Amino acid sequence: MNAVARFGPGHRILVTGGAGFVPSHLVDALMARGCTVVALDNFVTGSKENVAHLLDEPNFTLVEADISDGLPTHPALAERFDAILHMASPASPTDFEKLPVEILRVGSVATLHLLDRAVADGARFLMASTSEAYGDPKEHPQRESYWGNVNPIGIRSVYDEAKRFSEAAAMAYHRSRGLDTAIVRIFNTYGPRMRPDDGRAIPTFISQALRDEPITVHGTGNQTRSICYVSDLVRGILLLLDSRETGPINCGTEHEMSMRELAETIVSLTGSASEVTYITRSADDPEMRRPDLTLARELLGYEPTVAPEDGLRRTIEYFRERMV
Ligand code: NAD
């Protein structure tokens, strides 16, 4: 377990997808440590607004580029990086249908470009993997040793298999090129800066509740997820970054909620007049999902701290402020 931050003032960090929901919070945390941060994004699902407050900071640069085309020529990318955090990827179920090839590319060719750069720079390479790597799991909760149950040709496969490829690539570079690799398997995370229309349950339910529209729960609503507030996830990712661990390591919370319970909690916290309704469920949507956090606890000293009601309240406030 590490007590001292490996990455701080004077260290240069590249964050791909840096204008996205989770990555922009990570960028904030790295900036707060005094790191020099280059965020690279093509804004396919992210927004400049998420990092607008950093644009005048001397040790922050936002580079607009598609990382699947390789690292662009840009002065901010000319110097070596101490760490490369590959966070770029569309990640919501609606993206799986709208951006299938883009998702496959950013989880394959982009990963290879970044791995080559990390080897050249002698940088630590951390990649955002996902609980989707477990597919529709037959083991519950999911431990890192579980290999998963993924339909390789289903709608979700572009995301699941790309992340699994990226994990395989990161491990291959670790074994064969001595790369300092870290893989975090992120479970459902929510918080401010999510897109209201991104198709994920929490922003959808909050937007519907704030408009007093019917809450559209998929299927019976008995399927469960463990939901993690973004500040807890960012702390876990930084603990992994600072460690010498390779992973994969799960990050999230063990607090499991059914979709029905989540919808009802959001209705109650918003004081909404919305009814909860049930619509067709998408194919291969996992029935249950909860991380086993033993490794994160033992190897990183990770412990999530934000209760779902608190995190949901903060997220609701963010959405309320932006409603027209
Ligand atoms: P997000 O869509 O808000 O962020 C992803 C960012 O990557 C966006 O800003 C997008 O514009 C950018 N991007 C996508 N393709 C790109 C490309 N080719 N070149 C440059 N930029 C590109 O999504 P998020 O939820 O913040 O997810 C961030 C990362 O965490 C993703 O890798 C995702 O797979 C992973 N993850 C998230 C969750 C979650 O619950 N939020 C769960 C598991 C894994």
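Residues numbered from 1 in each chain as written. Predicted model: local features only at pLDDT ≥ 70, side-chain atom pairs only at ≥ 80, totals over all residues.

By the naming in an unreviewed UniProt entry, the chain is dTDP-glucose 4,6-dehydratase, taken from Micromonospora echinofusca. The chain has a UniProt comment under Cofactor (unreviewed entry) that states "NAD(+)". (UniProt positions renumbered as here; feature names shortened; annotations may be inferred.)

Details of the site of the ligand
Close to the ligand lie 29 residues, the nearest being Gly17, Gly20, Phe21, Thr45 and Gly46. Within the residue set of the shell around the ligand, elements represented by two or more residues are helix H1 (21-32), strand S2 (36-41) and strand S5 (124-130). Among the elements that line the shell around the ligand, the one with the most residues is H1, at 3 residues. The residue inventory of the shell around the ligand, partitioned by class, reads 16 nonpolar, 11 polar and 2 charged. (Near = placed C-beta within 6 Å. Helix = DSSP H or I, 4+ residues; strand = E, 2+ residues; numbered from the N terminus. Nonpolar A, V, L, I, M, F, W, Y, C, P; charged D, E, K, R; others polar.)

Considerations on helix H7 (residues 230-242)
Taking 1.5 Å per residue, 13 residues should reach 18 Å; H7 reaches 18 Å between its end C-alpha atoms and fits that length. When we look at burial in H7, the residues that qualify are Val230, Asp232, Leu233, Val234, Gly236, Ile237, Leu238, Leu239, Leu240, Leu241 and Asp242. (Expected span 1.5 Å × (residues − 1). Buried ≥ 20, exposed ≤ 12 C-beta atoms within 10 Å, placed from the backbone.)

As for the UniProt feature "domain: NAD-dependent epimerase/dehydratase" (unreviewed entry) in the chain
Within this numbering scheme, the UniProt entry marks residues 13-250 as carrying the feature "domain: NAD-dependent epimerase/dehydratase" (unreviewed entry). Helix makes up 34% of residues 13-250 and strand 19%, and the two end C-alpha atoms of the span are 22 Å apart.

As for the packing of helix H8 (residues 259-270) against helix H10 (residues 308-322)
Relative orientation and spacing of two packed helices are given, respectively, by the angle between their axes and the distance between those axes. Remark: H8 packs on H10, axes separated minimally by 10 Å, with the N-to-C direction vectors making an angle of 60°. It follows that H8 is oblique to H10 by the angle criterion. For the crossing formed where H8 meets H10, the hand is right-handed. Residue-level inspection shows Thr265, Ile266, Leu269 and Thr270 of H8 in contact with H10, the latter providing Glu309, Leu312, Arg313 and Ile316. Residues that form the contact of H8 with H10 fall into these classes: 4 nonpolar, 2 polar and 2 charged. (Axes fitted to C-alpha atoms, helices over the stretch in contact; angles between N-to-C directions. Parallel < 35°, antiparallel > 145°, perpendicular 65-115°, else oblique. Left-handed = near helix turned anticlockwise from the far one by under 90°. Contact = placed C-beta atoms within 7 Å.)

Some words on the sheet that holds strand S6 (residues 180-186)
Pairing within the open sheet is parallel, and its 7 strands lie in the order S3-S2-S1-S4-S5-S6-S11. In this open sheet, the two strands that pair with only one neighbour each are strand S3 (60-64) and strand S11 (249-251). Strand-to-strand, the axes of this sheet are offset by a mean angle of 20°, without reference to chain direction. Strand direction decides the pairing type here: S2 and S3, joined by 5 bridges, are parallel. For Val37, the partnering residue across the bridge sits in S3 and is Phe60. The sheet strands contacting helix H4 (residues 109-121) are strand S1 (12-16), strand S4 (83-86) and S5, and the helix crosses S4 at an angle near 170°. Packing of helix H5 (residues 157-177) onto the sheet brings it into contact with S5 and S6, and relative to S5 it is tilted by some 155°. (Pairing = 2+ DSSP bridges.)

Side note on the confidence of the model for the chain
This prediction gives the chain a mean pLDDT of 95; 98% of its residues lie at or above 70. Across the interface, the model reports ipTM at 0.99; the global pTM reads 0.96. (pLDDT = per-residue confidence, 0-100.)

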